[in-house]
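An overview of the molecular structure
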Amino acid sequence: MGTVIMHSAMSVDGFIADEKDGVGPLHDWYETGDTPIDGASGFSVSRVSAEYISGMWASIGVLVIGRRLFDLMNGWDGHPPVGEHVVVVSHQPKPEGWHPEASYHFVDGVPAAIEKAQELAGDRTIAVNAGEVGGEILAAGFVDEVAIDLVPVVFGSGRRYFGKVDGQHLLADPHVVIQGEGVLHLGFKVRR
């Protein structure tokens, strides 16, 4: 079974988007370097960020997201941004006629999403997008690691990295600390 990693870019004050779902400068670092990310056209970051991101993205088999992100991005028009499959946590089915060839799986609830993701991923990594669904997956005990691309900006309000997670969850000391240009990559194992 693959590792489940919750991952996203985050402002210093803990937000993955503003109140209107805008990411503002959170993704600027994807275009400020001189090293392309393997397999990702249009992204050029610092050398150390490219090494980190390329390795992480290459390990991903399945991406788990919520319906909100699916709708905002129109599911990337049926092309997963990472991995081969996308599992969408939603009380609604896939939109009728929407890219029938796409390997997108709509499931109702967090346990069903992780079960489907594990089935599809095999030994590869399962990436969970941060936010409400990510927080629910963490709270349910399915997340093995938390990966944060910390960007030096303060939003003040917006969509929280961990959503409305209830209760305390302990993380180990960071096992990943990589300083890129305009971003600090951090990785923490979830304590059990």
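The preceding data block contains the structure.
Let me sum up the structure you'll find in this document. (Residues numbered from 1 in each chain as written. Predicted model: local features only at pLDDT ≥ 70, side-chain atom pairs only at ≥ 80, totals over all residues. Heavy atoms only, no water.)

Here's the deal with the overall build of the protein chain
Helix and strand counts for the protein chain stand at 4 helices and 12 strands. By the compact-globule yardstick of 16 Å for 192 residues, the protein chain fits well, its C-alpha radius of gyration being 16 Å. Oriented by its inertia axes, the alpha-carbon framework of the protein chain measures out at about 40 × 40 × 35 Å. A burial count over the protein chain gives 45% of its 192 residues as buried. (Helix = DSSP H or I, 4+ residues; strand = E, 2+ residues; numbered from the N terminus. Rg over C-alpha atoms; globule rule 2.2 N^0.38 Å. Buried < 20%, exposed > 50% of the residue type's maximum accessible area, 1.4 Å probe, protein only.)

Looking at the environment of Leu 170
Along the chain, Leu 170 falls in the loop between strand E10 (159-160) and strand E11 (176-179). The spacing of Leu 170 and Lys 189 is 19 residues in sequence and 9.0 Å in space, taken between C-alpha atoms. What Leu 170 contacts, discounting residues up to four positions off in sequence, is Val 190 and Arg 191. (Contact = heavy atoms within 4.5 Å.)

Examining the environment of Val 86
With respect to the helices, strands and loops of the structure, Val 86 is situated in strand E6 (residues 85-89). When the C-alpha positions of Val 86 and Lys 116 are compared, they lie 9.9 Å apart, and in sequence the two are 30 residues distant. Setting aside chain neighbours within four positions, we find Val 86 in contact with Leu 63, Ile 65, Pro 80, Ser 103, Tyr 104 and His 105.

Looking at the nonpolar core
Across soluble globular proteins, you tend to see nonpolar side chains buried next to one another. In this structure, Trp 29, Ile 37, Trp 57, Phe 70, Val 88, Tyr 104 and Val 151 are the most contacted members of the largest nonpolar core, which totals 32 residues. Looking at this core, the elements that each hand over two or more residues are strand E1 (4-11), strand E4 (40-45), helix H1 (47-59), strand E5 (60-66), E6, strand E7 (104-107) and strand E9 (145-151). Here the element with the most residues in this core is H1; it accounts for 5 residues. In this structure, Val 88 is in contact with Ile 65, Gly 66, Arg 67, Phe 70, Tyr 104, His 105, Phe 106 and Val 107, ignoring residues within four places of it in sequence. By size, the runner-up hydrophobic cluster in this structure holds 27 residues, among which are Met 6, Val 87, Ile 114 and Phe 188. (Core = buried A, V, L, I, M, F, W, Y, C linked by side-chain atoms within 4.5 Å.)

Overview of the pattern of salt bridges
Tallied over the full model, the rule gives 8 salt bridges. Across the salt bridge formed by Arg 192 and Asp 144, the nearest N and O atoms sit 2.7 Å from each other. On the criterion of sequence distance, the pair formed by Arg 192 in the segment after strand E12 (184-189) and Asp 144 in the loop between helix H4 (132-139) and E9 is long-range, its members being 48 residues apart. On the basis of relative accessible area, Arg 192 is assigned to the exposed category, the value being 64%. (Salt bridge = Lys/Arg side-chain N within 4 Å of Asp/Glu carboxyl O.)

Remarks on H4
Inspection of H4 places Val 133, Gly 134, Gly 135, Ile 137 and Leu 138 among the buried residues, and these make up the whole buried set. Structurally, H4 contributes buried residues whose contacts are with E1, E5, E6, helix H3 (110-121) and strand E8 (125-129). At the C-terminal side of H4, Gly 141 shows a positive phi close to 85°.

Description of H1
Between its terminal C-alpha atoms H1 stretches 19 Å, which fits the 18 Å expected from 13 residues at 1.5 Å a residue. If you check which residues of H1 are buried, you get Ser 49, Ala 50, Tyr 52, Ile 53, Ser 54, Met 56 and Trp 57. (Expected span 1.5 Å × (residues − 1).)

So, the sheet that holds E7
Strand order in the open sheet formed by 8 strands is E7-E6-E5-E8-E1-E9-E12-E11, and the pairing between neighbours is mixed. The strands lining the two open edges of the sheet, one partner per strand, are E7 and E11. The sheet shows a mean angle of 20° between the axes of neighbouring strands, taken without regard to direction. Contacts between H1 and the sheet are confined to E1, E5, E8, E9, E11 and E12, with E5 contributing the most and set at about 90° to the helix. (Pairing = 2+ DSSP bridges. Axes fitted to C-alpha atoms, helices over the stretch in contact; angles between N-to-C directions.)

That is the geometry; function is a separate question.
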